[in-house]
Amino acid sequence: MAESVSFDARGEIALIKIENPPVNALSQAVRSGLAAAICRGEQDTRIKAMVLIGGERGFSAGADIREFGEPPRQPLLLDVIDVIERSSKPVIAAIQGTALGGGLEVALGCHFRIASPDAVMGLPEVKLGLLPGAGGTQRLPRLIGVSAALEMIVEGTVVSAQRALVLGLVDELAPGGLEAHALDFARGIVASGKPVRRVSMLDCEPSDQSVFEAYVETVERKRRGYIAPLRCIAAVRAATELPFKKGLERERAMFLELAASPQSKAQRHAFLSERAAAKIPDMRAKTAIGTLPIDLVGVVGAGTMGTGIAMCFANAGVPVMLVEANADNLERGMALVRKNYARTMARGGLSQAEMDKRVALIRPSVSNDQLAQADLVIEAVFEELEVKQKVFRMLDQICKPGAILASNTSYLNIDLIADATARPEYVLGMHFFSPANVMPLLENVRGARTLPQVCATAMKIGKLIGKTPVMVRVCDGFVGNRMLAKRTRESYFMLEEGATPQQIDKVLYDFGFPMGPFAMSDLAGVDVGWLNRQSRLANLTSRERACDILDQIHALGRFGQKTGAGFYRYDADRHRSVDPEIEALIVNHSKKRNIERRQISDVEILERCLYPMINEGAKLLEEGIVDRPGDIDVVWLKGYGFPAFLGGPLFYADQIGLPVVYEALLKYQVVHGDQYWKPAALLENMVRSGKRFYT
Ligand code: T1G
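The rules behind these values
Residues numbered from 1 in each chain as written. Predicted model: local features only at pLDDT ≥ 70, side-chain atom pairs only at ≥ 80, totals over all residues. Heavy atoms only, no water. Helix = DSSP H or I, 4+ residues; strand = E, 2+ residues; numbered from the N terminus. Rg over C-alpha atoms; globule rule 2.2 N^0.38 Å. Buried < 20%, exposed > 50% of the residue type's maximum accessible area, 1.4 Å probe, protein only. Contact = heavy atoms within 4.5 Å. Areas by Shrake-Rupley, 256 points an atom, 1.4 Å probe, with all protein chains shown as cover. Lys, Arg positive; Asp, Glu negative; His and termini not counted. Charge placed at Lys NZ, Arg CZ, Asp CG, Glu CD. UniProt positions renumbered as here; feature names shortened; annotations may be inferred. Pairing = 2+ DSSP bridges. Patch = residues over 30% accessible without salt bridge, like charges linked within 9 Å, V, L, I, M, F, W, Y side chains within 5 Å. Salt bridge = Lys/Arg side-chain N within 4 Å of Asp/Glu carboxyl O. Near = heavy atom within 4 Å. Polar contact = N/O pair within 3.5 Å; in protein donor to acceptor, adjacent residues only side chain to side chain. Domains from an automatic or database assignment. Core = buried A, V, L, I, M, F, W, Y, C linked by side-chain atoms within 4.5 Å.

Q: So, the overall build of the protein: which residues are in play, and what are the values?
A: When helices and strands are tallied, the protein shows 31 helices and 20 strands. Whereas a compact globule of 695 residues would reach a radius of gyration of roughly 26 Å, the protein reaches 28 Å, a difference of no more than 12%. Burial analysis of the protein (695 residues in total) assigns 56% to the buried set. Restricting to contacts in the protein with at least 6 residues of sequence separation, those with at least 24 account for 73%. Total accessible area computed for the protein in this model is approximately 28,400 Å², and 55% of it derives from carbon and sulfur atoms. The distance from the centre of the 83 positive side-chain charges to the centre of the 81 negative ones in the protein is 2 Å.

Q: Give a description of the UniProt feature "domain: 3-hydroxyacyl-CoA dehydrogenase NAD binding" (unreviewed entry) in the protein that names residues and reports values.
A: Per the UniProt annotation, the sites labelled "domain: 3-hydroxyacyl-CoA dehydrogenase NAD binding" (unreviewed entry) are residues 297-473. Between the end C-alpha atoms of residues 297-473 the distance is 23 Å, and the span holds 42% helix and 21% strand.

Q: Could you give an account of the sheet that holds strand E10 (residues 172-173), naming the residues involved and the relevant values?
A: Here six strands make up an open sheet; going across it, the order is E1-E2-E3-E5-E7-E10 and the pairing mixed. If you trace the sheet from one side to the other, it starts and ends with strand E1 (5-10) and E10, each paired once. Relative to E10, strand E7 (residues 112-115) runs parallel, the two sharing two bridges. The partner of Ile 114 across the bridge, within E10, is Glu 172.

Q: Break down a positive patch on the surface for me, citing the residues and quoting the values.
A: Side chains of Arg 57, Arg 66, Arg 275, Lys 279 and Lys 463 sit close together on the surface and give a patch of like positive charge. Looking at Lys 279, the relative accessible area reads 36%, which means it is partly exposed.

Q: Outline the site of the ligand, listing residues and values.
A: Every one of the 28 residues lining the ligand counts as a neighbour, but Ala 61, Ala 63, Glu 105, Glu 125 and Arg 275 are closest to it. At 2.9 Å from an oxygen atom of the ligand is found a main-chain nitrogen or oxygen belonging to Gly 133. Interatomic distance of 3.2 Å between a side-chain N/O atom of Lys 279 and an oxygen atom of the ligand. Taken by itself the ligand offers 990 Å² of open surface, and the protein chains cover 80% of this. Mapped by element, the contributors of at least two residues to the shell around the ligand are helix H3 (102-109) and helix H11 (262-277). Among the elements that line the shell around the ligand, the one with the most residues is H11, at three residues.

Q: Tell me about the domain arrangement of the protein, and name the residues and values.
A: Along its sequence, the protein is organised into domain 1 (5-259), domain 2 (297-477), domain 3 (481-592) and domain 4 (602-689). One C-alpha centre belongs to domain 1, the other to domain 4; they are set 41 Å apart.

Q: With reference to specific residues and values, describe unusual backbone geometry.
A: Here the amide bond leading from Pro 21 into Pro 22 is cis, since omega sits at 5 degrees, within 30 degrees of zero. Here Pro 22 lies in the loop between strand E2 (13-18) and helix H1 (28-43). Residue Ser 434 is joined to Pro 435 through a cis peptide bond whose omega torsion reads -5 degrees. Looking at the element boundaries, Pro 435 is found in the loop between strand E16 (427-432) and strand E17 (441-446). Even without a glycine there, the phi angle at Phe 478 is positive, about 50 degrees. Here Phe 478 shows up in the loop between strand E18 (468-473) and helix H19 (480-497).

Q: I'd love a proper account of the nonpolar core, names of residues and values included.
A: If you look at the biggest cluster of nonpolar residues, it comprises 98 residues, and the most contacted ones within it are Leu 395, Val 479, Ile 549, Phe 567, Phe 642 and Phe 693. Among the elements that make up this core, the one with the highest residue count is helix H26 (residues 602-622) (nine residues). Setting aside anything within four residues of it in sequence, one finds Ile 549 in contact with Tyr 492, Leu 495, Glu 496, Phe 567, Leu 585, Ile 586 and His 589. Counting 74 residues, the second-largest nonpolar core is a separate cluster that includes Ala 14, Val 80, Val 126 and Ala 239.

Listed below in structure tokens is the structure:
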């Protein structure tokens, strides 16, 4: 028996344990161990039933994602589950922690399922661009009904043990020790003489085909461009139309199609990159740098960002002091916290008790002295270096030795902020994205002197509060905003050269972004963009300064959705429409700039928006601002809406081919000059040596 599956006879019950840390992924060794254990239980006449259990951390996180892309190795999970289900002796799945993907499919192949109250289970394959490929699309609807199965499979939602009991996904909860409960349950089944219940033998409720059509429409709207959700729907539909075996064949065919698809490769890349990014080199080297305890957090500034950041910690159960010198602003901030929570509660995402608990974890104060005992203080005040340096001087005086001082700045130099303190080793950036309590990305910015332990602590606390942390180093705009600035520059240049806002927005929307740069500007606020541009005028080139279309729109008081007009006009429901006034303004601007407008193709728009970003990504790597290309992809996937089915800007660059990107850079360099289009040395070398960002 493979070391990753143990078999232990407990009287007439066999206890079969999956032991493949960290998440009991169903590697080839586990699959063969499982099959062998079931066969052994079948052959051992003393054994009357079998209990299948995982480890503390979970039952199983499903198929081993790292095995994808390699030729499948026997036994297939599908076949192992068939061995379990065909067993003549009852097999009981005892679920604690997580049972996800193939892990839940193994449990579905068992004859009974019990779970500890804190267990969660789901079929999240769709998030990897896959579908449950080991019978899940055929068994789940037979067990819990079509609509509940559709939601779990197409949305990839995870359900609690309590919900699973209501759905009939589990037979019983085990409030006490799961193992003992499972053994008792098994003995009870044996004593009762209850026959084994095979899920595949259950009838699948017939379903009105309109249910599937409606789901397809929803998915085509909500998950534009993704293939896997559509195949998930088709697979569940097959369960209602075909006998089990035939349905399984349909599922297998679609699984293989998806597993080989560029979209799934991109989404699996995104999954693994996100986890790799959470480990900074020191942590990855397994050097025991450890982390600092964070039991009490302070946030300075009760504006939109400060309150959002405070909510992140309250949501994770970490007490947080929200300090704001101005009492009115503090009250407004707390009102915003309560409003945000109330909105979540109205959607059913929070109980009143839970909301009250989280609000109580946020302690408002006008006194900075309250921060004396904080382990971590995050500053979220006005984005101006002098203002921040003043705050950090104050914090350095008030906070206890060893407290971490973090700035939420989106682009200012962390080293200059750290210079305002006597503890630069404990200073770093923690750049949240607005709205901070919603957006998953957290750019942790290490200064030249920041201790590795402080960095590791910021990464760990970032994961604890449910963020996707990426460690970056100091540069103007860090990773995300520095690359975004190149796309923004080209978008405005193309406006003055002949494109319209709606044309550029449509190209990026069709590519897969949630919206294009001008619709985004109207959403975030033209005034916000204008302020950011004003603060960076000194860094802009002369053409960027002269390309002042944003300033002109701002001067008209058109601040975007919030004022009913920006680049577009908005009705009371904030539906946008093209505004001829803006087109006239742009045409007039081109005239004043003596630029003869021309037709710009969608291909040129896409190239001029994406390729400078890819080029900037190569520069970020060669400057050592980030350690890996995956860090850059994670920043764009989690912070800027880059479509996950394309894997991020650098993964996408590999797919289209770095020579294609390089040739285009040279083409535009001739037309628009070196300062914007000179290929990064790293990119040039990679093209010369036939290398890619990802091997
Ligand atoms: N395979 C391989 N490695 C995995 C893995 C998996 N399924 N899940 C996690 N890991 C690694 C992860 O890369 C990291 O590695 C470490 O485990 C800790 O993960 C046939 C085809 C289970 C909720 O989609 O959602 O089954 O960086 O940091 O925050 O139908 O991991 O330490 O080297 O995320 O506690 C479907 C994916 C697979 C679940 C734990 N299953 N995993 O979260 O730890 S496809 C999934 C998760 C499938 C079948 C199909 C989470 C978690 P390293 P972590 P965590």
